[in-house]
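An overview of the molecular structure
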Amino acid sequence: MAITKKAEYAIAALADLASRKPEGFESSRDIATRQGIPPKLIAQILALMSKGGILEGARGPLGGVRLIRDPSTISLREVIELVEGPLGITKCLVQRGECRKQGSCPLQGIWAEAQERMVEVLEGRTIQDLADAQSSMASKSRPQR
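Residues numbered from 1 in each chain as written. Predicted model: local features only at pLDDT ≥ 70, side-chain atom pairs only at ≥ 80, totals over all residues. Heavy atoms only, no water.

1. Focus: the environment of leucine 76
Along the chain, leucine 76 turns up in helix 4 (residues 76-84). Exposure remark for leucine 76: the relative accessible area of 10% places this residue in the buried category. Taking the C-alpha atoms as reference points, leucine 76 and isoleucine 11, 65 residues apart in sequence, are found 7.0 Å from one another. When residues no more than four places from it in sequence are discounted, the contact partners of leucine 76 are Ile11, Leu122, Arg125, Thr126, Ile127 and Leu130. (Helix = DSSP H or I, 4+ residues; strand = E, 2+ residues; numbered from the N terminus. Buried < 20%, exposed > 50% of the residue type's maximum accessible area, 1.4 Å probe, protein only. Contact = heavy atoms within 4.5 Å.)

Structure follows, in structure tokens:
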């Protein structure tokens, strides 16, 4: 299983919003430009995040999108699953009944353990963690006076 670029873009867009003024709206075009997200994808991504209760949008000249949840409560797992659906390193862990060897497969326990650890990591990291890391990296790259 690979996390798609679309999921990575969703995470980047949310981290971008988390690093901005919480009361203001940001245009999708500005987010896409800052994060290198293709314009075709940004609207899809923001719509998914809005349906998921993470963002709200406003139309008009001062419109755009903004977070409606505290970014420290938005896990990477939640964002990935909004974009991709349930996480699974193999189909047999997500779609019960798909494997004809279910219950007698020596790999099933290994896959389950690997998935558990992956989910644990993604659940333990938040959009705020990434926004903080971006800010830290940006301040380190600024020239010293």
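Having seen the model, we can carry on.
2. What about a nonpolar patch on the surface?
On the surface, a nonpolar cluster with roughly 260 Å² of combined accessible area is contributed by Leu107, Ile110 and Trp111. Looking at the secondary structure, you find leucine 107 in the loop between helix 5 (91-94) and helix 6 (108-124). (Patch = residues over 30% accessible without salt bridge, like charges linked within 9 Å, V, L, I, M, F, W, Y side chains within 5 Å. Areas by Shrake-Rupley, 256 points an atom, 1.4 Å probe, with all protein chains shown as cover. Salt bridge = Lys/Arg side-chain N within 4 Å of Asp/Glu carboxyl O.)

3. A look at the pairing of strand 1 (residues 55-58)
Where strand 1 and strand 2 (residues 64-67) come together, four bridges link them in antiparallel fashion. Looking across to strand 2, one finds that glycine 57 is bridged to valine 65. Between strand 1 and strand 2, which pair antiparallel and follow one another directly, the connecting turn spans five residues, one of which, glycine 60, has a positive phi of 105 degrees. (Pairing = 2+ DSSP bridges.)

4. So, helix 6
Taking 1.5 Å per residue as the helical rise, helix 6 with its 17 residues ought to reach 24 Å, and the 24 Å between its terminal C-alpha atoms agrees with that figure. Within helix 6 the residues assigned to the buried category are Gln108, Gln115, Met118, Val119 and Leu122. Each buried residue of helix 6 sits inside an arc of 100 degrees when the element is viewed along its axis, so together they form one side. Exposed residues on helix 6 whose side chains face more than 90 degrees from its buried face are Glu116, Arg117 and Glu120. (Expected span 1.5 Å × (residues − 1). Arc of directions from axis to C-beta.)

5. A look at the packing of helix 1 (residues 5-18) against helix 2 (residues 28-35)
Packing of helix 1 against helix 2 brings their axes to within 10 Å, and their N-to-C directions diverge by 110 degrees. What the angle tells us is that helix 1 and helix 2 run roughly perpendicular. Residue-level contacts link Ala12, Ala13, Asp16 and Leu17 of helix 1 to Ile31, Arg34 and Gln35 of helix 2. Here the residues of the contact of helix 1 with helix 2 sort into four nonpolar, one polar and two charged. (Axes fitted to C-alpha atoms, helices over the stretch in contact; angles between N-to-C directions. Parallel < 35°, antiparallel > 145°, perpendicular 65-115°, else oblique. Nonpolar A, V, L, I, M, F, W, Y, C, P; charged D, E, K, R; others polar.)

6. What about the side chain of serine 75?
Tracing the chain through its elements places serine 75 in the loop between strand 2 and helix 4. Reaching out from serine 75, the side chain makes a polar contact with the backbone nitrogen of glutamate 78 at a distance of 3.0 Å. Aside from chain neighbours lying at most four places away, what touches serine 75 is Leu122, Glu123, Arg125 and Thr126. (Polar contact = N/O pair within 3.5 Å; in protein donor to acceptor, adjacent residues only side chain to side chain.)

7. Things to note about the environment of tryptophan 111
By secondary structure assignment, the location of tryptophan 111 is in helix 6. The partly exposed category is assigned to tryptophan 111, whose relative accessible area is 30%. Along the chain, tryptophan 111 and cysteine 92 lie 19 residues apart, while their C-alpha atoms are 9.1 Å from each other.

8. Let's talk about the nonpolar core
Within the largest apolar cluster, 31 residues are counted, with the highest numbers of intra-cluster contacts made by Leu14, Met49, Leu55, Leu67, Val79 and Ile127. Top contributing element to this core by residue count: helix 1, with nine residues. Those residues within four positions of isoleucine 127 in sequence are excluded, and the remaining contacts are Ile11, Leu14, Ala15, Ala18, Pro71, Ile74, Leu76 and Val79. (Core = buried A, V, L, I, M, F, W, Y, C linked by side-chain atoms within 4.5 Å.)

9. Details of the pattern of salt bridges
Under the counting rule described, the total for this entry stands at nine salt bridges. Notably, a salt bridge pairs arginine 34 with glutamate 26, separated by 3.0 Å at the nearest N-O pair. Between glutamate 81 and arginine 77 there is a salt bridge, with its nearest N and O atoms 3.3 Å apart. Within this pair, glutamate 81 and its partner arginine 77 are both found in helix 4, separated by four residues, close to a single helical turn. With relative accessibility at 26%, the residue arginine 77 sits in the partly exposed group. Within this structure, Asp16, Arg20, Glu26 and Arg34 form a network of salt bridges that share partners.

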